[in-house]
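Listed here are the chains, written in short residue letters.
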Amino acid sequence: MLEIEADFLSKFIGKYSLGKDGGNGSSHFLRIKIPGGVLNCDSLMEIADLSDEFGRGYAEITDRQDIQLHWIDPDTAIEIFERLYKMGFTTDLCGQAFRETCHGDVRNVVCCPLMGKISPDLGQLVKKINDFFTGNERYITLPHKFKIAITACRNDCVKLFANDLSLFWVGDGFIPLVGGGMGVSLPGVRFAEPMEIKVSLERAFEFVKTVVDIHNEFSNTHSKAKARFKLLVHEWGVEKLRDEIEKRIGAFPETSITREIVKEIGIEHTHGIQSDGNYFFTVPVLGGILDSDKLRLVAGLSKDYGNGEIRLTLWQNITFVDIEDVETLKAELGKHFNLEIPHRAVGCPSDFCGKTLVHSKQIVKDIIHNLASDLSVAVSGCVNGCACHPLADIGLVGKIKHGEQVYDLYIRGKLVKKDIRPEKILLFITEGLHEIKA
Amino acid sequence: MKLKLEKKGERYILDCRDLTCPFPLTMTKLALKKVSKLEVITNNPPSAKDIPELLTKQGYKVDVNREDGLWRIFIQKNEDR
């Protein structure tokens, strides 16, 4: 047996990885977790530098409040990890390339982009959850990835129904929603269901940990298609899950709140006044696509007009917070961004994963530029449903059929037309919207 | 941490199963600083692609066998270098 010193790797294993790309000439992406989407201008500047040095100056905001770089050379990855480590950031573990189960981790914990600004500050809870699960040996071999969302603003700005576990604040506690997932893995598209209990802020962490423990212990470990938590919830039912949770950590008070409490699915906080009288303003970023210059511009403006903090949103936009002079900020931003485009438009990075011939973000652009509407748009390139198309007003999911790119169209979650060629999408959207109205 | 390389005949075996990208590649390069014949085991598809690509470019002789969801990558310094 030969032993070779590799101590320098120990701080990275289990906390950092590269993901697999297969398009645009990129083989690897780097998904930087930004817990709760909260980022300061110094970190954003450094990410811009990483993008320039290692990722061709390109950057994307993901629909889980991460920042994703592409064209990462695996030979230089350790250098990038070292830089991220010093900044206090980690990455997703990206175990999806493995063909087996049990390479799952807890993904970036998403949160209302305005936590602490218009609603209670849940930063401590988000940090505690993130710190506990990141690199924790017991939780980096989950049957499959696990997605958590938290909001205290009483709106669905975090895609509550798409997560394995969502916590929805109702003023004196959280209503948990469980078992959501928008992809094709079994049992298929499934909206998270509310549990009829209330979880106090003080017990929220142990609740989250217990639910992830149950996923770890009971979700399928033999088949990736069956390994998501949503299938366990589907098979058990919410009542059995509740019994298992309460058996472990004690009872929770009952509430009769149902999913109707979420009045509008998938909102974005576009602009307004914070609790302290300052303003917030969200810049629409089409498809979440940015470059290093724009990252630096955003970092600079956040410092010039606010306290140097920005928030990333699940609609792939950037929210400026703590702004006094919002009109001047808007004027500055207007020189570099199109502020007129809708805020709620997401496309998965199918141009990089290589699963589309006519890419999701291109479809989003075409719709936005040709359909004057405030309706939300989500385009997933494949049945994995990364853009959460069933949750949008206009949802599309792509597939390759007989060598050609086609998309299925959903209007507010209802399938209205299958196998549409890209050039016909706008026509069918218009027809579909008429049908829904009728 | 230490990489543990088991000796098997003339070559050493580096078991990188369950490690995500880029660690199998990083460890392989580290091991090749110490040994000249190496067998790397990985079940990570991107690493199974990266390691042969990169090391072939760097002048190593690389052979890959795939069996039961595992890749065995045989690497040795190219005598023609």
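Above this text sits the structure in question.
Bear in mind that the values here come from a model prediction, so they are computed numbers and not experimental data. (Residues numbered from 1 in each chain as written. Chains lettered and ligands numbered in written order. Predicted model: local features only at pLDDT ≥ 70, side-chain atom pairs only at ≥ 80, totals over all residues. Heavy atoms only, no water.)

S.K.: Got a minute to help me understand the layout of surface pockets in this structure?
M.R.: Unoccupied space between atoms shows up once a probe the size of one water molecule is rolled over them. Residue and element names in this part refer to chain A. Space inside the largest pocket adds up to approximately 1200 Å³. Lining the largest pocket are 50 residues, with Arg31, Gln96, Lys145, Asn384 and Cys386 sitting closest to its centre. When residues of the lining of the largest pocket are traced back to their parent elements, those giving at least two are strand S2 (19-23), strand S3 (26-32), strand S5 (58-61), strand S17 (345-347) and helix H10 (350-353). Element by element, the count of residues in the lining of the largest pocket is highest for S2, at three residues. Across the lining of the largest pocket, the residue classes break down as 19 nonpolar, 13 polar and 18 charged. If you add up the space inside the second largest pocket, you get close to 530 Å³. Together, 21 residues line the second largest pocket, and Pro35, Val38, Lys127, Asn130 and Asp131 are the ones closest to its centre. Of all the secondary structure elements, the ones that give two or more residues to the lining of the second largest pocket are helix H3 (77-87) and helix H4 (123-133). Considering every element that reaches the lining of the second largest pocket, the biggest residue donor is H4, with five residues. (1 Å grid on protein atoms, 1.4 Å probe; cavity = no way out; pocket = protein on both sides within 12 Å on 5 of 7 lines; lining within 4 Å. Points joined across faces, edges and corners; volume = space filled by probe spheres on them. Helix = DSSP H or I, 4+ residues; strand = E, 2+ residues; numbered from the N terminus. Nonpolar A, V, L, I, M, F, W, Y, C, P; charged D, E, K, R; others polar.)

S.K.: Honestly, the interface of chain B and chain A in this entry has me stumped. Any pointers?
M.R.: Interfaces are often sized by the amount of accessible area the parts lose when they come together. Contacts between the two partners involve 32 residues from chain B, matched on the other side by 30 residues from chain A. Summing both sides of the interface, chain B and chain A together bury roughly 2600 Å²; the carbon and sulfur share of this comes to 67%. At the junction of chain B and chain A, the tally comes to two salt bridges. Linking Asp75 of chain A and Lys29 of chain B is a salt bridge whose minimum nitrogen-to-oxygen distance equals 2.7 Å. Linking chain B to chain A there are ten residue pairs in polar contact (both at pLDDT 80 or more). Contributing elements (two or more residues each) for the side of chain B that touches chain A: strand S1 (2-8), helix H1 (23-31) and helix H2 (45-57) of chain B. Sort the elements by how many residues they give to the side of chain B that touches chain A and H1 of chain B lands first, with seven residues. Here the residues of the side of chain B that touches chain A are counted per class, giving 17 nonpolar, six polar and nine charged. (Contact = heavy atoms within 4.5 Å. Buried area = accessible area lost by both parts, 1.4 Å probe. Salt bridge = Lys/Arg side-chain N within 4 Å of Asp/Glu carboxyl O. Polar contact = N/O pair within 3.5 Å; in protein donor to acceptor, adjacent residues only side chain to side chain.)

In short, geometric facts, not functional conclusions.
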